[in-house]
Amino acid sequence: MNQSIQNPSSSATFPPPCLSSASRIPKSSLLFPRAISTSQRICRCIGVQMDACVNSNLPKNSVVAKYSSGWSDIQSSNLKQSLNKYSLPLRALLTSKTQDVSSKPLVGDEKIGVLLLNLGGPETLEDVQPFLFNLFADPDIIRLPRLFRFLQKPLAQFISVLRAPKSREGYASIGGGSPLRRITDAQAEELKKSLCEKNVPAEVYVGMRYWHPFTEEAIEQIKRDGITKLVVLPLYPQFSISTSGSSLRLLENIFREDEYLVNMQHTVIPSWYQREGYIKAMADLIEKELEKFDNPEKVVIFFSAHGVPLAYVEEAGDPYKAEMEECVDLIIEELEKRKINNAYTLAYQSRVGPVEWLKPYTDETIIDLGKKGVKNLLAVPISFVSEHIETLEEIDVEYKELALKSGIEKWGRVPALGCEPTFISDLADAVIESLPYVGAMAVSNLEARQSLVPLGSVEELLAVYDSQRRELPAPVTVWQWGWTKSAETWNGRAAMLAVLVLLVLEVTTGEGFLHQWGILPLFR
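Residues numbered from 1 in each chain as written. Predicted model: local features only at pLDDT ≥ 70, side-chain atom pairs only at ≥ 80, totals over all residues. Heavy atoms only, no water.

Trainee: What exactly am I supposed to notice about the overall build of the protein here?
Mentor: Across its full length, the protein holds 17 helices and twelve strands. Counting all 524 residues of the protein, 54% fall into the buried class. Put simply, 79% of the contacts in the protein that link residues at least 6 apart link residues at least 24 apart. For the protein, the accessible area works out to roughly 23900 Å², and carbon and sulfur atoms hold 54% of it. (Helix = DSSP H or I, 4+ residues; strand = E, 2+ residues; numbered from the N terminus. Buried < 20%, exposed > 50% of the residue type's maximum accessible area, 1.4 Å probe, protein only. Contact = heavy atoms within 4.5 Å. Areas by Shrake-Rupley, 256 points an atom, 1.4 Å probe, with all protein chains shown as cover.)

Next comes the structure, spelled out in C-alpha cells:
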C-alpha cells in the first residue's frame, strides 16, 4: 500500500477536487489536497434543489438549506449528468436571493421542537442480536437486487445471528452495552439548556434509527407535546446515504402517513461539518491531546472516519467522502492558525463484507505508518460525536493494539465531542439560524404530501445508484477459467445465488440445516 502522510506546511498545489484521484494526485504528492479554501467555501446541497439562505442580519456562518419538494426534469437530469461526470455531490454557491426573514419572530407563540437523529445501540448484551437485525434489515445498509428484496429480513436474521456472538464480546469489553443513548440524552439536555440561555425555549427529542428510543417513539412524543415547528438535526457531521439518509428516509415515510405531521412546519439541517464552532471544538480537543506527548510536533494526527461502500460514492454520488475530506481540511486550517503544523492523514474504518469500501483502510494505514517509522500517533474519530463501540472498542482496543505491534511507540486518542460546551453551543446556534426558514416550504394540505427534505435527493441518489449498477458492463464477455479475477467474480455470484436459493427454501419450508443448527429459530 502506497499510503503517504500529508504535511500541511507543504507548498504543493493541486487541481480542482472534481478531478479523479488518479489524475489529481501524483504518487509523490501528499495524501489529499485542500478541498476548498475558507474564502471559497460552498454549501453542499446533496443533490436537492436548494436556496442557500444567507442573510446579512444573521451570523457569519448562518447557512441553512431551504429546500423545495419535488424535482423538475432539468434538476434530475443535471443530477445524473453531474454524477456521471464527477462522481461528486452537486454543489450550490451561496446566494442572497432568499426572502429577508429578519423581521419575523423566531419563537412567538410557536412550540419549537428539535429532533436529534442518531444510530442507536444495544444497551445490554441481550439487545445485541435484535439491534443487529434492525441494522441489517435496513435496505440502505444491505442493498439487495429488486428481485430478491423479499429476502431482506431473512438475510438480516441470518447475518445478525451469525455476527451476534462476536459483537457481544465487543460490547462486553466496554461495559456490557453501548453508552450512545446515555450520551445522546445528555447532549439533548445540554442543547435544550443552551437554547434556553439564548432565549429560544425548545423541547429536544432523541430519535434512534435502530434501537430505543426509536424515531417513531420520538415522533409520537412530539405530537403529544403539540410541537408546531420542528428542526430535524442528524447527529452526523457529514451527510451519507447510509446514516443521515437512512434516518431521513424513515422520517419521510412517517410524515407521509400522519395528518398532524404533514401540516407541521419543519426544516432539516442535513450536515454541519463546516460550522465554525464544530471545527474549533475539534481543534481544541486535538490541541489538548497533543500536549500529552513528549514531543507534540512529531505526532502524526490520524483522522479515522467510519467507512461506506465505495459504490455509494462513485456510483450513487454520496457526498460523504468529499465532505469528510473538506472537514479534515478545515480542522487542519484551524490548527495552522494556532501554529500547529503536524503531519496528518485520513483513513476509513469499520468495513464489513467482501465489497470494496472507501480507502485507505484504517488498519492497513496504521501498519503502513509503522513501517515508515512513525512513532507517535494521535487518533481522531472524525465522524463520531459520541463514544460508542467503534471508538471504545475498535479504536481504543483493536487499533491501539495493532499500532503498538506495528512499531508505534506512543498512542493517543482524541475523545468524541460529547457535551463539549463549544460544540453544544454551536448546535444551538445552528438550530436558531434555521428557525426563520422553518415552514418556508411547508406543506399546507393533505393533497400535496410533499417529501420531507432532503429525502427527495436521497431517493434520487439511490435511484441513480440502482440504475447505474444495472448498466455497468459485464466483467468479461466470455467465461474465463482458472484463478482469474473474472472467474472469481462469476464464482462469487454463483455462490451468492446458491445462498439465496437455500435461504428461500429454508424460509418457505421451515426445514434445513439452518433450522437444525438453531440459526433461524424464528422461521419454524
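From this point, the narrative continues.
Trainee: I keep staring at the pattern of salt bridges and nothing clicks. Help me out?
Mentor: Oppositely charged side chains are able to pair whenever their charged atoms sit close together. By the definition in use, this model includes 23 salt bridges. Here lysine 223 ties to glutamate 220 by a salt bridge, and the two come within 3.7 Å at their closest N and O atoms. Linking lysine 223 with glutamate 220, this pair stays in helix H6 (residues 215–224), spanning three residues, or about one helical turn. A cluster of three or more residues bridged by salt bridges with shared partners is formed by Asp284, Glu287, Glu334 and Arg338. (Salt bridge = Lys/Arg side-chain N within 4 Å of Asp/Glu carboxyl O.)

Trainee: Please clarify how the sheet that holds strand S10 (residues 344–349) should be interpreted in this entry.
Mentor: Picture the strands of a sheet paired through backbone hydrogen bonds; they go either parallel or antiparallel. Here we have four strands laid out as an open sheet, ordered S10-S9-S11-S12, and parallel in their pairing. The sheet is open, and its two edges are formed by S10 and strand S12 (410–413), each paired on a single side. For this sheet the average axis-to-axis angle between neighbouring strands, irrespective of direction, equals 25 degrees. Bridge count for strand S9 (residues 300–306) against S10 is six bridges, and the pairing is parallel. Note that in S10 the partner of isoleucine 301 across the bridge is tyrosine 344. Strands in contact with helix H12 (residues 362–371) are S9, S10, strand S11 (376–381) and S12; relative to S10, the strand with the most contacts, it is inclined by about 145 degrees. (Pairing = 2+ DSSP bridges. Axes fitted to C-alpha atoms, helices over the stretch in contact; angles between N-to-C directions.)

Trainee: Explanation requested: the packing of H12 against helix H13 (residues 389–405) in the structure shown.
Mentor: The description of two packed helices rests on the angle between their axes and on the distance between the axes. Viewed as axis vectors pointing N to C, H12 and H13 meet at an angle of 25 degrees, and their least axial separation amounts to 8 Å. By the angle between their axes, H12 is roughly parallel relative to H13. Crossing angle aside, the handedness with which H12 passes H13 is right-handed. Contact with H12, carried on its side by Thr362, Asp363, Ile366 and Ile367, involves Tyr399, Leu402 and Ala403 of H13 and no other residues of that element. For the contact of H12 with H13, a count of residues per class yields five nonpolar, one polar and one charged. (Parallel < 35°, antiparallel > 145°, perpendicular 65-115°, else oblique. Left-handed = near helix turned anticlockwise from the far one by under 90°. Nonpolar A, V, L, I, M, F, W, Y, C, P; charged D, E, K, R; others polar.)

Trainee: Just to check I follow, could you spell out the pairing of S12 for this structure?
Mentor: For a regular strand, the rule is simple: side chains alternate between the two faces of the sheet. Here S11 pairs with S12 via four bridges, running parallel. Across the sheet, residue leucine 378 finds its bridge partner in S12, namely glycine 412. With H13 bridging S11 and the parallel S12, this β-α-β connection has right-handed handedness. (Right-handed = clockwise from strand over helix to strand, strands pointing away.)

Trainee: How do you make sense of the sheet that holds strand S5 (residues 112–118) when you look at a structure like this?
Mentor: Reading across from one edge, S6-S5-S7-S8 is the order of the four strands in this open sheet, with parallel pairing throughout. Taken across any chain shown, the strands that pair with only one partner, and hence form the sheet edges, are strand S6 (203–208) and strand S8 (265–268). Strand after strand, the sheet turns through a mean of 20 degrees between neighbouring axes, direction not considered. Sheet topology note: the strand S7 (residues 229–234)/S8 ladder contains four bridges and is parallel. The residue of S8 that forms the bridge with leucine 230 is histidine 266. Running over the sheet, helix H7 (residues 241–256) touches S5, S7 and S8 and is turned about 130 degrees from S5.

Trainee: Before we go on, may I ask you to explain the nonpolar core in this structure?
Mentor: Ranked by size, the top nonpolar core spans 62 residues in total, and within it Leu195, Tyr278, Ile286, Phe303, Ile331, Ile382 and Phe423 carry the most contacts. Not counting chain neighbours up to four residues away, the residues in contact with leucine 195 comprise Val114, Val200, Pro201, Ala202, Val204, Ala428, Val431 and Ile432. (Core = buried A, V, L, I, M, F, W, Y, C linked by side-chain atoms within 4.5 Å.)

Trainee: Explanation requested: helix H4 (residues 152–173) in the structure shown.
Mentor: Every α-helix winds through 3.6 residues per turn, so residues three or four apart in the chain are directed the same way. Between its first and last C-alpha, H4 extends 30 Å over 22 residues, near the 32 Å set by a 1.5 Å rise per residue. At alanine 164, H4 shows its strongest bend, of approximately 50 degrees, with the proline proline 165 following within four residues. Buried within H4 are the following residues: Gln152, Pro154, Leu155, Ala156, Gln157, Phe158, Ile159, Ser160, Ala164, Ser167, Gly170 and Tyr171. (Expected span 1.5 Å × (residues − 1). Bend = angle between axes of the 7 residues up to and from the residue.)

Trainee: I'm lost on the confidence of the model for the protein in this one. Help?
Mentor: For any part of a model where pLDDT is low, the fine detail of the predicted coordinates should not be relied upon. Averaged over all residues, the pLDDT of the protein is 74; the fraction at 70 or higher stands at 64%. Contacts from residues 9–105, a stretch scored under 50 in pLDDT, to residues over four places away or in other chains number 191 contacts. Scored below 50 in pLDDT, residues 441–462 shows 68 contacts in the model against residues more than four places distant or in partner chains. (pLDDT = per-residue confidence, 0-100.)

Trainee: Would you explain unusual backbone geometry in this entry?
Mentor: Outside of glycine, negative phi angles account for most residues, and trans bonds account for most peptide bonds. At the junction of histidine 212 and proline 213, the peptide bond is cis and its omega measures out at -10 degrees in the coordinates. Inspection of the secondary structure assignment puts proline 213 in the loop between S6 and H6. Lysine 359 connects to proline 360 through a cis peptide bond whose omega is 0 degrees. One non-glycine residue, asparagine 199, adopts positive backbone phi at about 65 degrees.

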